[in-house]
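Structural features, examined
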Amino acid sequence: MAANVRVRRPATPPPGLSHVVPSSHKYPPIRQDHLNADERREAASKGYGPGRRTHSSGGLNITSGEWKLLAVVLLIAIGVRMFRISKPDSVVFDEVHFGKFAARYIKTRYFVDVHPPLAKLLITAAAFISGFNGDFDFKEIGKAFENAPYVAMRMVPATFGVATVPIAYLTLRALDCRATTALLASIFLTFENGLVTQSRHILLDSPLVFFTALTIFFFVGFSNEDKKEPFTEQWWTWLILTGLSLGAVVSCKWVGLFTIATVGVCTILQLWLLLGDLRVSPRMWARHFFARAVCLILIPILFYMAMFQLHFAILGSSGEGDAFMSSEFRQTLGHGMEDTYSDIALGSDITIRHLNTQGGYLHSHAHNYPGGSAQQQITLYPHRDENNLWRVTNATVDGYEQYDYEHKPIVYIDHGSRIKLRHIVTDKALHSHEVRPPISDVDFQNEVSAYGMTGFVGDINDDWIVEIEKGDSSDKESRKRLRTLRTHFKLRHLNTGCYLFSHKVKLPEWGFDQQEVTCNKNAVKANSLWYVETAAKHPQLPADAPKVNYKIPGFLSKFWELQRVMWTTNAGLTDRHMYDSRPLTWPRLRRGINFWVKDHRQIYLIGNPFVWWSSTASVITYMIVRGFLILRAKRGYRDFDNTKVVKYDSLCGFLFIGYCMHYFPFFLMGRQLFLHHYFPALYFAILLNCAVFDLATSTLRPKIRLQIAAVLMIIAIVTYSKFSSLTYGDPWTKQKCTNAQWVKTWDFSCNEFLDDYSQYSGVTVPTLNRTTPMATIGGEPGGRAAIVVEDKLGQDGVAPPQDEQGTAIPIGAPEPGRDVFAKDKQKEIKSQMIALQDVPVIVDEKEISVVTFEPTRGAPEVVAEQKEEAQVPEGSVSGTDEPEDQAHPEAVNIPEEKVEVEVGEDIDAHRKSHGPLDHEEAIADQVAHELYPEARDAE
């Protein structure tokens, strides 16, 4: 059947015209910048809305107007952090340590610190360029700077603090937040009092926070490139920069390991999602894995090790850190040990070192134990000294005469040899008996002492049995008899069976803080092993007798040894500090840190309460909302099909992971912690706070959103200004200080400030540690010297009113963190030191010294007349980590003949900076009242 269908054909072009193609507007070509249906579906599953395939490097779509706005914010940040950075012109808080480390670098003297070297090297570079010669010692808080470019050194952390502000802005923009949100974050960081305070001084936390922020920014840029197209040039650039930044953050402080953990968790998640993507072949997945492993693991490790290589290259001279390193390590620090004879026999003069601890050499000096047997002390001393020399002699039996080692055949020291060790300088024998040690007072520990006199051969308690434990594999003879540096041995006491033993227990001040040596019946093997380090030439040895020396370690050996020392010491910082705090109190901003007090001014590390508390509230809000969404998903609700929910869940979840990784690990640490340890976590909390703001205002018009942000910025700035006097150390009044104590645990001392701003003009005398009025005694022309004492009766004979206490807890003086590596050097004792007077045995007690002075009318100076010591049990005093000269006993009002003034190392110690009254000073005041009841009655 024929179909009656008419087919329409294209119209014939007019005669004389060529064939015309259909117009392009009817069939437009597919644009390459639009997403197709599958790509839009995939973008929606990842939280991205439909749109064009426009993508700038790292996902940063910054307009020219934003760059101008960011430049304005940067100028504001510079003004906030650089404002009067030269003030105060004295040492603040831990500038005591980090300024000193810069001086050590410049002097090339080896030191040890618990932190990696990068931030310290950057500060040192600024000091070196500015002409610092390393002579200023940064000894104590409040010491005025002299010939030290402290402004240039402070500029380094301040610059890092300024640079953190634009990094935060760019990070939030790369996370697809609005410009208003990024601006809000940058303002919050600019006016955060705690970050400002920390960045204005020679401290390490500002570089740490900067490199943390920089790492997160680079990783976000890499992740954006990874979503676009992997293995491009930009993809590799962002990935390598992330690795370098990871190396930098962990090279500032080990807290940077938490940043590595944050990036590591997110990287594992990326690889897990790639593994489930069927479009990614196993070979492609392996490329992703190895690229990340090389850039995010290998590069940070190499960067970290390179910083220590530079550290070792600079510190090539012997210094205060020598005692904490092995003898092999010390061989690389300039003055190494000379070659020594390897054979040891009766009559050899030797030095003996403890193997397991870094306590040092078996040592004795002309000072007796204050208790027990009252015989001469035996200790471990970390430095080379003539008091470390011992002579090996034979143990006499029933009057058997001493072996004539100079003329008779040489007798080597074998396993089982019975010997005596004679201290060469004092001519006393190493001795032990059934007397308890002064510190380790337990039944299985015996005291070890030096006993005897010239011409006295000793008794059986001087005899020791040599037990060879191990020899060197390259020297077979070292397994049979004592050989220098090669043989590890134990010394068993013949009479009691105990072993010569030492452990990391320090003697008190009467023992010069040297390490205790005992004779232990239940000795741990590792702590009872010894070896001979040096042996002088024996009279019977030939001139060409073999010599030995330590093996020079390579970089890796030195690197690993230093890491072990840093780790062990860091974990051992468990003593309490006046201003330490626990992680649970940080998000609530329960307490700050007293940095500096002087001239009626104070620098106190406290955060911006509005920024701090709102950030904590945002973290809690995210946890609650995320938990609620999980419960809804369990009930069948499909909230995560919403692209907006997915976007903000990914954004806030990433920042929440960073917060958790930088906060919760501190709960596992037993060491002393401070508020500034929370700063990296605070950075993530502030970004999360702004991300929550971005979500909450996502449905509002831009103008309204900007108005809300402006209100929040104004509140942050006003709050910042309210506490700015504590940030900059500016004059403040007692009334304003009291009004600013919103939380009763904020223990900045309002009584340190004056009543009115006009009183600050002409103030030149440092503030004393007092909350009561002061009076001046003396000072008449031609009479006695002027002394400032506590005015308990008033100048007119009427007791003045007591100032109200402005806080609910005791107030302490500013005190730096603990530097365990520098403490031992202050307690060194050489052979020439004079004998101490008899002092009582004090175990686990603090000493607070009080010196009384008797002023004379005919002399211009005050003369010290009497020194009395008052012991206070440690349980009654708040523990600190620094020497007791940080605390100052409080003066009392007594008759004119005897007026107490506080002292430290000398009479001029009262010129040191003072802080508010602390626990120890309160105890000292109580003890002073007990010693001088007439002063108490006068009240």
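Notes on the structure in this doc start here. Everything numeric in this text was worked out from a predicted model, so none of it was measured.

**What to know about the overall build of the chain**
A tally of helices and strands in the chain yields 22 helices and 21 strands. Expressed as a percentage of the 939 residues in the chain, the buried residues total 53%. Taking the intrachain contacts of the chain between residues at least 6 apart in sequence as the baseline, contacts between residues at least 24 apart amount to 75%.

**Observations regarding the packing of helix 8 (residues 205-228) against helix 16 (residues 679-696)**
Across the interface, helix 8 lies against helix 16 with an axial gap of 9 Å and an inter-helix angle of 45°. By the criterion of interaxial angle, the relationship of helix 8 to helix 16 is oblique. Between helix 8 and helix 16 lies a crossing whose hand is right-handed. Facing helix 8, whose interface residues are Leu-208, Val-209, Thr-212, Ala-213 and Ile-216, helix 16 presents Phe-679, Pro-680, Tyr-683 and Phe-684. Residue classes in the contact of helix 8 with helix 16 are distributed as eight nonpolar, one polar and no charged.

**A closer look at the pattern of salt bridges**
One pass over the full model with this rule turns up 31 salt bridges. Between Asp-475 and Arg-483 there is a salt bridge, with the nearest N and O atoms lying 3.0 Å from each other. Connected through shared salt-bridge partners, Asp-343, Asp-475, Glu-477, Arg-481 and Arg-483 make up one network.

**So, the packing of aromatic side chains**
Tallying each qualifying case throughout the model produces 60 aromatic pairs. Each ring, one from Trp-586 and one from Phe-666, has its centre 5.3 Å from the other, and the planes form 75°; the classification is edge-to-face. Taken together, the residues span a long stretch of sequence, with Trp-586 in the loop between helix 13 (555-571) and strand 15 (593-598) and Phe-666 in the loop between helix 15 (643-663) and helix 16 at a distance of 80 residues. With respect to class, Trp-586 is no different from Phe-666; both count as buried. Ring centres of Phe-723 and Trp-742 lie 5.2 Å apart, and the angle between their planes is 80°; this geometry places the pair in the edge-to-face category. Of this pair, Phe-723 sits in the loop between helix 17 (702-722) and helix 18 (724-728) while Trp-742 sits in the loop between helix 19 (734-740) and strand 17 (774-777), placing them 19 residues apart in sequence. Residue Trp-742 is classed as partly exposed on the basis of its relative accessible area, which comes to 41%.

**As for the pairing of strand 16 (residues 601-605)**
Burial runs high along strand 16: five of the five residues are buried. Because side chains alternate across strand 16, one face comprises the buried residues Arg-601, Ile-603 and Leu-605, and the other comprises Gln-602 and Tyr-604, equally buried.

**Section: a nonpolar patch on the surface**
Nonpolar side chains collect at one region of the surface, where Trp-236, Ile-240, Leu-241 and Leu-244 lie side by side and expose about 290 Å² of accessible area between them. Here Leu-244 lies in helix 9 (residues 233-252).

**What about the state of the cysteines?**
Following the criterion strictly, the structure yields two disulfides and no others. A sulfur-sulfur separation of 1.9 Å characterises the disulfide bridge that pairs Cys-498 with Cys-519. The sign of the 95° torsion about the S-S bond sets the Cys-498-Cys-519 disulfide as right-handed. Taken together, the residues span a long stretch of sequence, with Cys-498 in the loop between strand 10 (488-493) and strand 11 (499-506) and Cys-519 in strand 12 (residues 515-520) at a distance of 21 residues. The pair formed by Cys-498 and Cys-519 is uniform in burial state, with each residue classed as buried. Each sulfur in the disulfide pair Cys-737 and Cys-750 lies 2.1 Å from the other. Around the S-S axis, the bridge from Cys-737 to Cys-750 shows a dihedral of about -80° and counts as left-handed. Here the residue Cys-737 occupies a position in helix 19, and Cys-750 occupies one in the loop between helix 19 and strand 17, the gap between them amounting to 13 residues. Pair check on accessibility: Cys-737 and Cys-750 agree, each one buried. Here the chain pairs its bonded cysteines, counted in sequence order, in the arrangement 1-2, 3-4. The thiol of Cys-652 is unpaired, and the distance to the nearest cysteine sulfur, on Cys-177, comes to 7.8 Å.

**A short note on the nonpolar core**
Of all hydrophobic cores here, the largest spans 163 residues; its most connected members are Phe-211, Phe-595, Leu-655 and Tyr-659. It is helix 5 (residues 150-174) that provides the largest number of residues to this core, a total of 13 residues. When residues no more than four places from it in sequence are discounted, the contact partners of Phe-211 are Leu-118, Phe-160, Ser-245, Ala-248, Val-249 and Cys-252. Of all hydrophobic cores here, the second largest spans 33 residues; its members include Leu-380, Ala-450, Leu-482 and Ala-535.

**What to know about the environment of Ala-691**
Assignment of secondary structure puts Ala-691 in helix 16. Separated by 73 residues in the primary sequence, Ala-691 and Ser-618 place their C-alpha atoms 9.0 Å from one another. What Ala-691 contacts, discounting residues up to four positions off in sequence, is Thr-181, Tyr-648, Leu-651, Cys-652 and Leu-655.

**Some thoughts on the packing of helix 5 against helix 16**
At a minimum axis separation of 11 Å, helix 5 and helix 16 run at an interaxial angle of 45°. Considering their axes alone, helix 5 and helix 16 lie oblique with respect to each other. Where helix 5 crosses over helix 16, the two elements pack in a sense that is right-handed. Between helix 5 and helix 16, the residues in contact are Thr-164, Ile-167, Ala-168, Thr-171 and Leu-172 and Tyr-683, Leu-687 and Cys-690, respectively. Among the residues forming the contact of helix 5 with helix 16, the class breakdown is six nonpolar, two polar and no charged.

**Some remarks on the environment of Asp-459**
Mapped onto the fold, Asp-459 is located in the loop between strand 8 (445-451) and strand 9 (464-470). For Asp-459, a relative accessible area of 28% gives the class partly exposed. Separated by 39 residues in the primary sequence, Asp-459 and Lys-420 have C-alpha atoms spaced 10.0 Å apart. Leave out the neighbours within four places in its chain, and Asp-459 touches Lys-420, His-431 and Tyr-451. At 2.9 Å, the side chain of Asp-459 forms a polar contact with the backbone nitrogen of Asn-461.

**Details of helix 4 (residues 118-129)**
For helix 4, spanning twelve residues, the distance from its first C-alpha to its last is 17 Å, which sits close to the expected 16 Å at 1.5 Å a residue. When we look at burial in helix 4, the residues that qualify are Leu-118, Ala-119, Lys-120, Leu-121, Ile-123, Thr-124, Ala-126 and Ala-127. Contact partners of the buried residues in helix 4: helix 3 (95-107), helix 5, helix 8, helix 9 and helix 11 (282-314). Positive backbone phi, at 90°, marks Gly-131, one or two positions downstream of helix 4.

**Overview of the environment of Ser-223**
Its location among the elements puts Ser-223 in helix 8. Residue Ser-223 is classed as buried on the basis of its relative accessible area, which comes to 14%. Residues Ser-223 and Gly-58, 165 residues apart in the sequence, show an inter-C-alpha distance of 7.8 Å.

**Structural notes on the pairing of strand 5 (residues 390-394)**
Across the five residues that make up strand 5, a large majority, four, are buried. Pairing of strand 2 (residues 349-354) with strand 5 involves two bridges; the strand directions are antiparallel. Residue pairing for strand 5: Ile-350 is matched across the bridge by Trp-390. The sheet contact formed by strand 5 and strand 6 (residues 418-423) spans five bridges and is antiparallel. Paired with Val-392 across the two strands is Leu-421, which belongs to strand 6.

Cut-offs and rules
- Residues numbered from 1 in each chain as written.
- Predicted model: local features only at pLDDT ≥ 70, side-chain atom pairs only at ≥ 80, totals over all residues.
- Heavy atoms only, no water.
- Helix = DSSP H or I, 4+ residues; strand = E, 2+ residues; numbered from the N terminus.
- Buried < 20%, exposed > 50% of the residue type's maximum accessible area, 1.4 Å probe, protein only.
- Contact = heavy atoms within 4.5 Å.
- Axes fitted to C-alpha atoms, helices over the stretch in contact; angles between N-to-C directions.
- Parallel < 35°, antiparallel > 145°, perpendicular 65-115°, else oblique.
- Left-handed = near helix turned anticlockwise from the far one by under 90°.
- Nonpolar A, V, L, I, M, F, W, Y, C, P; charged D, E, K, R; others polar.
- Salt bridge = Lys/Arg side-chain N within 4 Å of Asp/Glu carboxyl O.
- Phe/Tyr/Trp six-rings, centres within 6.5 Å; stacked < 30°, edge-to-face > 60°.
- Patch = residues over 30% accessible without salt bridge, like charges linked within 9 Å, V, L, I, M, F, W, Y side chains within 5 Å.
- Areas by Shrake-Rupley, 256 points an atom, 1.4 Å probe, with all protein chains shown as cover.
- Disulfide = S-S within 2.5 Å.
- Core = buried A, V, L, I, M, F, W, Y, C linked by side-chain atoms within 4.5 Å.
- Polar contact = N/O pair within 3.5 Å; in protein donor to acceptor, adjacent residues only side chain to side chain.
- Expected span 1.5 Å × (residues − 1).
- Pairing = 2+ DSSP bridges.

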